[in-house]
Amino acid sequence: MAHAVLTVADLDFRRTVRSIAGDRTKLLLMAVVAVVALGPITVLGVSLLPTLGEQAVTASLTTDTATTVLEYVTGGIAVLWVLLAVMTVMRTVTAVAAVDEPAFLLLSTAVRNAVVGIVAAEVARYAVVVLPLTALFAGAFAAGAGTPIPVVTATLSVALVVVTAVPVGFLVGIWVRHLITVYEPIARYRTLLFAAFWLAYFGAIATGGLNAVMGTLFTALQASPLGWPGHLLVIGIPGLEPSLPAIAGAIVGTVCLTSVALAAAVPAADRHWFADPARTDDPVDEGSSSDRLTALLAGRVSRPVRTVTVTAIRRTKRAPIRLAYAGYPLLGALGFIQQIVELGTVPAFLAVLFCLYAVWAAGVLFTLNPLGDLGPALPAVVTSTLTGRQAIRGRILAGALVGVPLAFIVSLGFGIASPLELEQSAALTVTTVAGAIATPALATGIGSAFPRFGSVNVTNNREAVMPSKTAFFIYTLAIALPSGAAAVLYLEAPELIAGLIASVSAWSPLPSISISAHTITIGAWTVLIGGLIAPIVSYLYAVERFDWYDFE
């Protein structure tokens, strides 16, 4: 059993390492997260903890202060356990429970070995991130205290948390995954459940609700068994008296809880892995919705264009994961949402930004990869009697049918909620709707020039064909530059920009740069007019590219 478990854990862990090491984009994102999120915390911790360690040795703590410090340590350990368990639940639902090559793994060894090996690999994944950071911070504290004991005790304390939180999270996660993939009454609505969950999650972050929950858990769990490993962490620190029964309970509880969680996870995994997935497709409903759309377009557009439009929307409805990339910019809006909640109103610039996002999204839904989205059907479609004009118009129509209502609702809602005047709100709505009509045409040529035919990982175990990064960048730039030029002209800012450039140039060691307000105005008008013409040029290029596409 031990050999089989170690083999499964080793293979699973090495797959993760290879998937990360072989993906430059993932490596870059991890480096950015490490620098932006962990960098300031690490620098601050390494700078302050030696001083705290020195003060812990030299200063005498009062009973109240010692009690407060112990409560903070145990509360922090308990919250860390909850966070790791929740993260494991989410990872199990989305990735861990979907084992690689199940036909090979589940036939070559017992389910028990597979479960223990997969959980061990997950523990290792957390350990390679959490334990080095713990040792680094504990080492900084120990350097000031003049004793290596904090490094050992802190590492052991966090290790107990990881070893217990991951199996419990795996057990809960595999049952959640079973419900949303096998139990048909729930599986039928799993897309809506996922959307509701992420909406609630990001809403809690934006509104500060998550901080309130964490604060409540921090206080409530200080004296609970989840906080017992915290007593192990403070061993050897002068003035702090850890509870020996709590330390013993943490060690014994780790063995018992881990064993019980793994024992319960084996039958849960056995039932899930060998169950047939629920059938959530309803061909009657899908056919009726497609028929309604076809009837709506009948007599208004030609049959080939109508077929392309209905097919594009139907394929996206079957696999909505294909549109996950369209929601990425909303992650950057969390801070803005918190600002809206605090102010009780929507600032005018935020209303414009959200409307600009609606315009951007209208073009990425169906038209930013018109050739790559065809997948294996590309040779048959390109060599058929379907013309480029019909194919591109069908995709533009699909983008407009979804994007225009979205743009209207977003612009109207934010216009009413913002302090904009009635005329300004009306102009914002009209401009946003017009943009949602133009951007699908703009995206077709850019996506045709920089297609992507292969699928990429959207989540850890879901793949989809997405537009290329180059197409994303150029398309976003093609919207941002004319929008910025329009803002410069609307705000009458050329003189301000010219003065700013002159001021910055005067302070810099580089040669002086002087640009007149007239030159900036001409440049802004040039960019704006070019942005207005670009959708037409892009559409014509996409049609030509489709008609003359060469597989060589």
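Scroll up a little and you will see the structure.
Attention here is on the structure that accompanies the text. In this text the structure is predicted, and so the values were computed from the model without any measurement. (Residues numbered from 1 in each chain as written. Predicted model: local features only at pLDDT ≥ 70, side-chain atom pairs only at ≥ 80, totals over all residues. Heavy atoms only, no water.)

This part covers the packing of helix H15 (residues 348-364) against helix H17 (residues 388-417). Following both chains from N to C, one finds H15 and H17 inclined at 175°, their axes separated by 9 Å at the closest point. Comparing their axes, H17 and H15 come out roughly antiparallel. On H17, the residues that touch Ala351, Phe354, Cys355, Ala358 and Ala362 of H15 are Gly399, Gly403, Ala407, Val410, Ser411 and Phe414. Along the lines of polarity and charge, the residues of the contact of H15 with H17 split into eight nonpolar, three polar and no charged. (Axes fitted to C-alpha atoms, helices over the stretch in contact; angles between N-to-C directions. Helix = DSSP H or I, 4+ residues; strand = E, 2+ residues; numbered from the N terminus. Parallel < 35°, antiparallel > 145°, perpendicular 65-115°, else oblique. Contact = heavy atoms within 4.5 Å. Nonpolar A, V, L, I, M, F, W, Y, C, P; charged D, E, K, R; others polar.)

Space inside the second largest pocket adds up to approximately 1100 Å³. Together, 30 residues line the second largest pocket, and Val352, Leu356, Thr431, Ser483 and Ala486 are the ones closest to its centre. At the level of elements, H15, helix H18 (422-449), helix H19 (469-490) and helix H21 (517-547) are the ones that each hand at least two residues to the lining of the second largest pocket. Sort the elements by how many residues they give to the lining of the second largest pocket and H18 lands first, with ten residues. For the lining of the second largest pocket, the per-class residue count stands at 22 nonpolar, eight polar and no charged. (1 Å grid on protein atoms, 1.4 Å probe; cavity = no way out; pocket = protein on both sides within 12 Å on 5 of 7 lines; lining within 4 Å. Points joined across faces, edges and corners; volume = space filled by probe spheres on them.)

Right, let's talk about a nonpolar patch on the surface for a bit. Where nonpolar side chains cluster on the molecular surface, the patch consists of Trp525, Ile529, Leu532, Ile533 and Val537 and spans about 510 Å² of accessible area. Counting through the fold element by element, Val537 comes out in helix H21. (Patch = residues over 30% accessible without salt bridge, like charges linked within 9 Å, V, L, I, M, F, W, Y side chains within 5 Å. Areas by Shrake-Rupley, 256 points an atom, 1.4 Å probe, with all protein chains shown as cover. Salt bridge = Lys/Arg side-chain N within 4 Å of Asp/Glu carboxyl O.)

Per the stated rule, a full pass over the model turns up seven salt bridges. Between Asp12 and Arg125 there is a salt bridge, with the nearest N and O atoms lying 3.1 Å from each other. Pair noted here: Asp12 is in helix H1 (residues 2-21) and Arg125 is in helix H5 (residues 111-145), with a separation of 113 residues, a long-range link. In terms of burial, Asp12 and Arg125 fall into one category: buried. Between Arg188 and Glu184 there is a salt bridge; the shortest N-O distance is 3.0 Å. Residue Arg188 is classed as partly exposed on the basis of its relative accessible area of 34%. The exposure class assigned to Glu184 is partly exposed, which follows from its relative accessible area of 36%. Each of Asp12, Arg91, Glu122 and Arg125 takes part in one network of salt bridges that share partners. (Buried < 20%, exposed > 50% of the residue type's maximum accessible area, 1.4 Å probe, protein only.)

The tally for this structure, following the rule as stated, stands at six aromatic pairs. Relative to Tyr201, the ring of Phe197 lies with its centre 6.3 Å away and its plane at 10°, an arrangement referred to as stacked. Highlighted residues: Phe197 and Tyr201, both in helix H8 (residues 190-207), separated by four residues, approximately one helical turn. For Phe197, a relative accessible area of 39% translates into the label partly exposed. Note on Tyr201: relative accessible area 31%, which makes it partly exposed. Judged by centre distance (6.4 Å) and plane angle (45°), the ring pair of Trp360 and Tyr475 falls under tilted. With Trp360 in helix H15 and Tyr475 in helix H19, this pair connects stretches of sequence that are 115 residues apart. Neither residue differs from the other here; Trp360 and Tyr475 are each classed as buried. (Phe/Tyr/Trp six-rings, centres within 6.5 Å; stacked < 30°, edge-to-face > 60°.)

Turning next to unusual backbone geometry. Notably, Glu101 is not glycine yet its phi reads approximately 50°, a positive angle. On the secondary structure map, Glu101 appears in the loop between helix H3 (63-96) and helix H4 (102-108). According to the relative accessible area criterion, Glu101 is exposed, its value standing at 57%. Of note, Glu492 is a non-glycine position whose phi angle comes to about 55°, a positive value. Tracing the sequence through the fold places Glu492 in the loop between H19 and helix H20 (494-507).

We now examine the packing of H3 against helix H9 (residues 209-220). Relative placement of two packed helices is described by the angle separating their axes and the distance separating the axes. Put simply, H3 and H9 touch, their axes get as near as 8 Å, and they point 125° apart. In this view, H3 runs oblique relative to H9, as classed from their interaxial angle. By crossing handedness, the relation of H3 to H9 is classed as right-handed. From H3, Glu71, Tyr72, Gly75, Gly76, Val79, Val82 and Leu83 reach across to H9, where they touch Met214, Leu217 and Phe218. In terms of residue class, the contact of H3 with H9 is made up of seven nonpolar, two polar and one charged. (Left-handed = near helix turned anticlockwise from the far one by under 90°.)

What follows deals with the environment of Ala159. Structurally, Ala159 can be placed in helix H6 (residues 149-181). The sequence separation of Ala159 and Val234 amounts to 75 residues, and the corresponding C-alpha distance is 15 Å.

Counting 37 residues, the largest nonpolar core has Val115, Ile118, Phe170 and Trp273 as the members making the most contacts within it. Contributing elements (two or more residues each) for this core: H3, H4, H5, H6 and helix H11 (244-273). Element by element, the count of residues in this core is highest for H6, at nine residues. Once residues lying within four places of it in the same chain are set aside, the contact partners of Phe170 are Thr88, Thr92, Val96, Val115, Ile118, Val119 and Ala265. Counting residues in each nonpolar core, the second largest holds 18 residues, with Leu368, Leu442, Tyr475 and Ile479 among its members. (Core = buried A, V, L, I, M, F, W, Y, C linked by side-chain atoms within 4.5 Å.)

To continue, consider H15. Counted at 1.5 Å a residue, the expected span for H15 with its 17 residues is 24 Å, and the 25 Å between its end C-alpha atoms agrees. Among all positions of H15, only Leu350, Ala351, Phe354, Cys355, Ala358, Val359, Trp360, Ala361, Ala362, Gly363 and Val364 are buried. (Expected span 1.5 Å × (residues − 1).)

A few words now on empty space enclosed by the protein. A full pass over the atoms with the stated rule returns one cavity of 30 Å³ or more. As a volume, the largest cavity reaches approximately 30 Å³. Lining the largest cavity are Ala312, Arg315, Thr316, Arg322, Leu365, Phe366, Asp373 and Arg395. Counting residues per element, the lining of the largest cavity draws most heavily on helix H13 (residues 303-318), which supplies three residues. Here the residues of the lining of the largest cavity are counted per class, giving three nonpolar, one polar and four charged.

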